[in-house]
Amino acid sequence: MISVQKEGLEKYSMQEMMIPSEKVAHVQGGNPMEHALLVLVKSGYSAVPVLDAEYKLKGIISKTNIIENMLGVEQFELDCLSEMTVEEVMNTDIPYLKPEATFSDGLHSVIDHPFVCVIDEKGYFEGILTRRAILKRINQHIHTNHES
Ligand code: AMP
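Residues numbered from 1 in each chain as written. Predicted model: local features only at pLDDT ≥ 70, side-chain atom pairs only at ≥ 80, totals over all residues. Heavy atoms only, no water.

If you look the protein up in an unreviewed UniProt entry, it shows as Cyclic-di-AMP-binding protein CbpB from Pontibacillus salicampi.

Following this line, the structure appears as structure tokens:
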């Protein structure tokens, strides 16, 4: 049986596991919804962070947010795409991590979310921690321990 030492996993820092801000696709709150939809469809991501002009985290916008807001009484209202802005439809009630968060904090946060934003104490966006990155580390750790 493979035993996983929690202490061994705690050595992985947020800095080395997260995707840094410069590599993260994002939109701004004032962008029209159609811009966000374009970014989401072209990137293939289900959701991306929403930042302000200063690079502070404001929320997350997903394809589901956009589709739900386009749904009228009987049909999809395409005009919404240019009339509504990202900040009108984004999720603002989102979890986040500090750069000094531990591996356990990260693991806990991605149980319910495919990715979680990392922000500093002033709210500046530093990057994202994905569930994939955490699983990759656990997988690597299990195999390294198993082989030694
Ligand atoms: P993954 O773990 O790579 O499947 O990513 C899970 C989710 O994290 C994606 O659907 C996106 O919502 C988000 N994500 C991952 N990488 C990026 C990125 N480089 N830019 C923006 N969002 C990302």
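On we go from here.
Asks: Outline the pattern of salt bridges, listing residues and values.
Replies: Per the stated rule, a full pass over the model turns up two salt bridges. One salt bridge in this structure joins Glu16 and Arg137, with 3.3 Å as the shortest N-O distance. Taken as a pair, Glu16 in helix 2 (residues 14–17) and Arg137 in helix 8 (residues 131–147) lie far apart in primary sequence, 121 residues in all. Across the salt bridge formed by Lys58 and Asp52, the nearest N and O atoms sit 3.9 Å from each other. (Salt bridge = Lys/Arg side-chain N within 4 Å of Asp/Glu carboxyl O. Helix = DSSP H or I, 4+ residues; strand = E, 2+ residues; numbered from the N terminus.)

Asks: Residues and numbers for the sheet that holds strand 2 (residues 27–28), please.
Replies: The three strands lie next to each other as 2-3-4, forming an open sheet whose pairing is mixed. Each edge of the open sheet is held by one strand with a lone partner, namely strand 2 and strand 4 (57–62). Both strand 2 and strand 3 (residues 47–51) contribute to a ladder of two bridges, which runs parallel. By the bridge assignment, Gln28 is partnered in strand 3 with Leu51. (Pairing = 2+ DSSP bridges.)

Asks: An account of the site of the ligand is requested, with residue identities and associated values reported.
Replies: Near the ligand the following residues occur: Ile19, Lys23, Val24, Ala25, Tyr45, Ser46, Ala47, Val48, Phe115, Ile128, Thr130 and Arg132. Backbone polar atom of Lys23 to a nitrogen atom of the ligand: 3.0 Å apart, as the coordinates give it. One of the backbone nitrogen or oxygen atoms of Ala47 is found 2.5 Å away from an oxygen atom of the ligand. For the ligand, whose free accessible area comes to 480 Å², the fraction covered by protein is 83%. A breakdown of the residues in the shell around the ligand according to their chemical character gives eight nonpolar, two polar and two charged. (Near = heavy atom within 4 Å. Polar contact = N/O pair within 3.5 Å; in protein donor to acceptor, adjacent residues only side chain to side chain. Areas by Shrake-Rupley, 256 points an atom, 1.4 Å probe, with all protein chains shown as cover. Nonpolar A, V, L, I, M, F, W, Y, C, P; charged D, E, K, R; others polar.)

Asks: I'd like a description of unusual backbone geometry, backed by residues and values.
Replies: Phi at Tyr55 takes a positive value of approximately 75°, unusual for a residue other than glycine. Locating Tyr55 in the fold gives a position in the loop between strand 3 and strand 4. Residue class for Tyr55 comes out partly exposed when judged on its relative accessible area of 32%. (Buried < 20%, exposed > 50% of the residue type's maximum accessible area, 1.4 Å probe, protein only.)

Asks: Can you lay out the sheet that holds strand 1 (residues 19–20) for me, pointing to particular residues and giving the numbers?
Replies: In spatial order, the strands read 1-7-6-5; together these four strands make up an open sheet with mixed pairing. With one partner strand each, in any of the chains shown, strand 1 and strand 5 (96–97) form the two edges of the open sheet. Bridge count between strand 5 and strand 6 (residues 115–119): two bridges; the pairing is parallel. Counted as the bridge partner of Leu97 is Val118 from strand 6.

Asks: Got a sec to walk through a nonpolar patch on the surface? Specific residues and values, please.
Replies: On the surface, Ile67, Leu71, Phe76 and Leu78 cluster together into a nonpolar patch covering about 420 Å² of accessible area. Within the secondary structure, Leu71 is located in the loop between helix 4 (63–70) and helix 5 (80–83). On the basis of relative accessibility, which here comes to 52%, the residue Leu71 falls in the exposed class. (Patch = residues over 30% accessible without salt bridge, like charges linked within 9 Å, V, L, I, M, F, W, Y side chains within 5 Å.)

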